[in-house]
Amino acid sequence: MGLADDVTKAVTDVVCSDWDIRKGTVVPTTEDVKLRNGAVEVDAVYLYADLADSTGLARDFSRKTAAKVMRAYLDATCRVIKARGGQIRSFDGDRVMAIFMGSTKNTDAAKCALQINHAVTKIVRPKVEANLPSIKSQGFIVKHCVGIDSGTALIVRGGVRGSNDLVSIGRAPNVAAKLSDIRTSAPTYITEAVFKSMADSSKYSGTGENRKLMWEGPYAREVGGESLTVYKSGWTWGL
């Protein structure tokens, strides 16, 4: 069988076969999903954290310096995600994706985003500038954006035996990824679905008459050709 026949058979098997879909109550691992037309449906919150201007970082600095900055950002971000109960499921260069499930998933993800902002502004940025002189002298500022959305997604395994990984298909992961691409006025963006579902503990700072809303909005924003209601925040939350 030639390569064309092999590819044709594989594609036919995928598009013409029924999916074996089951409901998931926890974030699945690769081994939890069948490679051949297996899928897990989850009700989850997706968080994407993305380092800003990695193109400029790679272009204007040595590979070693750029790698140190990216590694520092990813290390800090992943530690915060894990501490807040998120399950990391993919990396794409300087971007990491995490999934939150459970009864407090929206609250946990929102708190996680604010703590990532704290880690970046209070730890990563000053450490990078203090130890990598070219970063500060050339005016590069370590910045990022986190996007979060909540909804139902289908998790499948993409690829072939020996070379495959989990892929999340649905509106929530797509929207969260696009929100993390925003580079305008705030480092954290969440959808209305997340805001309405999270507890006051992740909405407000302080208690009683002194409490302050940590989120601005609602705002109408076009995301992937769709008009969505979103909230943004520039707040940090200590680790």
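Everything here concerns the structure above.
Residues numbered from 1 in each chain as written. Predicted model: local features only at pLDDT ≥ 70, side-chain atom pairs only at ≥ 80, totals over all residues. Heavy atoms only, no water.

Peer 1: I would appreciate a short explanation of the nonpolar core in the present structure.
Peer 2: Across soluble globular proteins, nonpolar side chains have a tendency to be buried as a group. L47, I116, I148 and W215 are the most contacted members of the largest nonpolar core, which has 40 residues in total. Taken together, the elements giving at least two residues each to this core come down to β2 (38-51), α3 (63-83), β4 (95-100), α4 (105-131), β5 (144-160) and α7 (192-197). Here this core takes 10 residues from α4, the largest share from any one element. Those residues within four positions of W215 in sequence are excluded, and the remaining contacts are A110, L114, T188, I190, F195, M198, S202, K203, Y231, K232 and S233. (Core = buried A, V, L, I, M, F, W, Y, C linked by side-chain atoms within 4.5 Å. Buried < 20%, exposed > 50% of the residue type's maximum accessible area, 1.4 Å probe, protein only. Helix = DSSP H or I, 4+ residues; strand = E, 2+ residues; numbered from the N terminus. Contact = heavy atoms within 4.5 Å.)

Peer 1: I keep staring at a nonpolar patch on the surface and nothing clicks. Help me out?
Peer 2: Together, L3, V7, V11, V14, V15, W19 and I21 make up an exposed nonpolar region whose accessible area comes to about 670 Å². At five residues, helix α1 (residues 3-16) tops the list of elements feeding residues into the nonpolar patch. (Patch = residues over 30% accessible without salt bridge, like charges linked within 9 Å, V, L, I, M, F, W, Y side chains within 5 Å. Areas by Shrake-Rupley, 256 points an atom, 1.4 Å probe, with all protein chains shown as cover. Salt bridge = Lys/Arg side-chain N within 4 Å of Asp/Glu carboxyl O.)

Peer 1: I tried to follow the pairing of strand β10 (residues 216-223) on my own but got confused; where do I start?
Peer 2: The side chains of a regular strand alternate, residue by residue, between the two faces of the sheet. Note: β10 against strand β11 (residues 226-233), six bridges, orientation antiparallel. For Y219, the partnering residue across the bridge sits in β11 and is V230. Where β10 hands over to β11, the hairpin turn is made up of two residues, of which G224 adopts a positive phi near 60°. (Pairing = 2+ DSSP bridges.)

Peer 1: Just checking my understanding: could you explain the layout of surface pockets for this structure?
Peer 2: Reported here for the largest pocket is a volume of approximately 390 Å³. Of all the secondary structure elements, the ones that give two or more residues to the lining of the largest pocket are α1 and β5. Among the residues making up the lining of the largest pocket, the classes are represented as five nonpolar, two polar and four charged. Estimated volume of the second largest pocket: approximately 200 Å³. Lining the second largest pocket are 13 residues, with K143, H144, T184, A186 and P187 positioned closest to its centre. Those elements that place two or more of their residues in the lining of the second largest pocket are α4 and β5. Looking at which element gives the most residues to the lining of the second largest pocket, the answer is α4, with three residues. Among the residues forming the lining of the second largest pocket, the class breakdown is five nonpolar, five polar and three charged. (1 Å grid on protein atoms, 1.4 Å probe; cavity = no way out; pocket = protein on both sides within 12 Å on 5 of 7 lines; lining within 4 Å. Points joined across faces, edges and corners; volume = space filled by probe spheres on them. Nonpolar A, V, L, I, M, F, W, Y, C, P; charged D, E, K, R; others polar.)

Peer 1: What is the right way to look at the pattern of salt bridges in this model?
Peer 2: Side chains that differ in sign of charge can pair as their charged atoms come close. Applying the stated rule across the entire model yields 11 salt bridges. The salt bridge partner of K34 is D20, with a shortest N-O separation of 2.5 Å. Highlighted residues: K34 in the loop between β1 (20-23) and β2 and D20 in strand β1, separated in sequence by 14 residues. In this structure, R71 engages D75 in a salt bridge whose closest nitrogen and oxygen atoms are separated by 3.0 Å. Placement of both R71 and D75 in helix α3 is noted, with a separation of four residues, approximately one turn of the helix.

Peer 1: For this particular structure, what's the right way to read α4?
Peer 2: An α-helical turn contains 3.6 residues, so any two residues separated by three or four positions project in the same direction. End to end, α4 covers 36 Å across 27 residues, agreeing with the expected 39 Å (1.5 Å per residue, within 8%). V120 marks the point of greatest bend in α4, at about 35°. (Expected span 1.5 Å × (residues − 1). Bend = angle between axes of the 7 residues up to and from the residue.)

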